Amino acid sequence: MKQMDALKVFRQLDRQGIYVLARADLEKLFPQEHEKAFEKSLQRLVSAGLLERVCKGVYLNPLARSKGAYVIEEIASVLRRGSLSYLSMESMLSEYDLISQIPLRRITVMTTGAKGVVDTPYGSIEFTHTKRRATDIIRRSVALENRPLRIATEAAAVQDLRRVGRNTHMLRAV
């Protein structure tokens, strides 16, 4: 793929607010590329600063104007696409001022997808698997227009922390 063609596609996506892409997304955007040529094209785009590899299989448009305050959440949503995920535990407890600690460069995400920790240049994402049903997750979390991920209610964040056996000593009286 030519850099100019890629730039046009990235600008168009940026106008739609899309700046974090999975490798599979890029493959669909440039279907004419064969596997080896596609890999070389990705390397060239990264070397030229037109794409940033943020973790295995996920790329970011560093020139995007639509990039907001929640880049790490955008990355998390791309990593667990197809799963129901929401911010919870320490991330939300800190936002609700229920713990005094502020997680720096780390978010805690409950997900119906795989558990694990993913390190990115924008911070770490800790995924904790939940077996809760989708209806329970939706009832216990809120979708905000400006946030890529749903956020747990105060009660849900506390319950999630206790349910996974995390340190509850840091909780203020609730």
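Please refer to the structure placed before this passage.
Participant: Got a minute to help me understand the sheet that holds strand β7 (residues 123-129) in this structure?
Facilitator: The pairing of strands in a sheet comes from backbone hydrogen bonds and takes either a parallel or an antiparallel form. Spatially, six strands are ordered β6-β7-β5-β4-β9-β8 in an open sheet, and the strand pairing comes out mixed. Strands at the two margins of the open sheet, each flanked by one partner only, are β6 (116-120) and β8 (141-142). In this structure, β8 lies alongside strand β9 (residues 150-152), joined through two bridges in antiparallel fashion. Its bridge partner lying in β9, S141 is registered against A152. Sitting on the sheet, helix α4 (residues 71-79) touches β4 (85-87), β5 (106-111), β6 and β7, and the angle it makes with β7 is about 40 degrees.

Participant: Even after reading the chapter, I still don't get the pattern of salt bridges, so can you show me in this structure?
Facilitator: Any two side chains of opposite charge can pair, given that their charged atoms come close. For the structure on display, the rule yields 12 salt bridges. We note a salt bridge from D160 to R132, for which the minimum N-O separation is 3.8 Å. Here D160, found in helix α7 (residues 154-163), pairs with R132, found in the loop between β7 and α6 (134-139); they are 28 residues apart in sequence, far enough to count as distant. For D160, a relative accessible area of 1% puts it in the buried group. With its nearest N and O atoms 3.1 Å apart, the salt bridge here joins D136 to R139.

Participant: Before we go on, may I ask you to explain the packing of aromatic side chains in this structure?
Facilitator: Aromatic ring pairs: the centre-centre distance and the angle between the two ring planes describe each pair. Applying the stated criterion to the full structure yields one aromatic pair. A ring pair is formed by F10 and F30, whose centres lie 6.4 Å apart and whose planes are at 85 degrees; its orientation type is edge-to-face. Here F10 is found in helix α1 (residues 3-15), whereas its partner F30 is found in the loop between α2 (23-29) and α3 (35-47), with 20 residues between them in sequence. One exposure class covers both F10 and F30, and it is buried. One Lys or Arg, R80, reaches over the ring of F127 and ends 4.0 Å from the middle of that ring.

Participant: I tried to follow the pairing of β5 on my own but got confused; where do I start?
Facilitator: In terms of burial, β5 is largely enclosed, as five of its six residues are buried. Of the strand pairs in this sheet, β4 and β5 are connected by three bridges, and their pairing is antiparallel. Bridge pairing in β5 links Y86 to M110. Direction of pairing for β5 relative to β7: parallel, over a ladder of six bridges. Bridged to I107 within β7 is I125.

Participant: Got a minute to help me understand the environment of I18 in this structure?
Facilitator: In this structure, I18 sits in the loop between α1 and β1 (20-22). Between the alpha carbons of I18 and S124 there is a distance of 21 Å; along the sequence they are 106 residues apart.

Participant: Mind showing me how you'd approach the sheet that holds β1 here?
Facilitator: With antiparallel pairing, the three strands of this open sheet are ordered in space as β1-β3-β2. Each edge of the open sheet is held by one strand with a lone partner, namely β1 and β2 (52-55). Recorded for the sheet is a direction-independent mean angle of 35 degrees between the axes of neighbouring strands.

Participant: Explanation requested: the nonpolar core in the structure shown.
Facilitator: Where a protein is soluble and globular, its nonpolar side chains tend to be buried together. Ranked by internal contacts, the top residues of the largest apolar core, which has 36 residues, are I75, L93 and I125. Not counting residues within four places of it along the chain, the set of residues in contact with I125 comprises I72, I75, A76, L79, I107, V109, G116, V117, V118 and T120.

Parameters and conventions
- Residues numbered from 1 in each chain as written.
- Predicted model: local features only at pLDDT ≥ 70, side-chain atom pairs only at ≥ 80, totals over all residues.
- Heavy atoms only, no water.
- Pairing = 2+ DSSP bridges.
- Helix = DSSP H or I, 4+ residues; strand = E, 2+ residues; numbered from the N terminus.
- Contact = heavy atoms within 4.5 Å.
- Axes fitted to C-alpha atoms, helices over the stretch in contact; angles between N-to-C directions.
- Salt bridge = Lys/Arg side-chain N within 4 Å of Asp/Glu carboxyl O.
- Buried < 20%, exposed > 50% of the residue type's maximum accessible area, 1.4 Å probe, protein only.
- Phe/Tyr/Trp six-rings, centres within 6.5 Å; stacked < 30°, edge-to-face > 60°.
- Lys NZ or Arg CZ within 6 Å of the ring centre and 35° of its normal.
- Core = buried A, V, L, I, M, F, W, Y, C linked by side-chain atoms within 4.5 Å.

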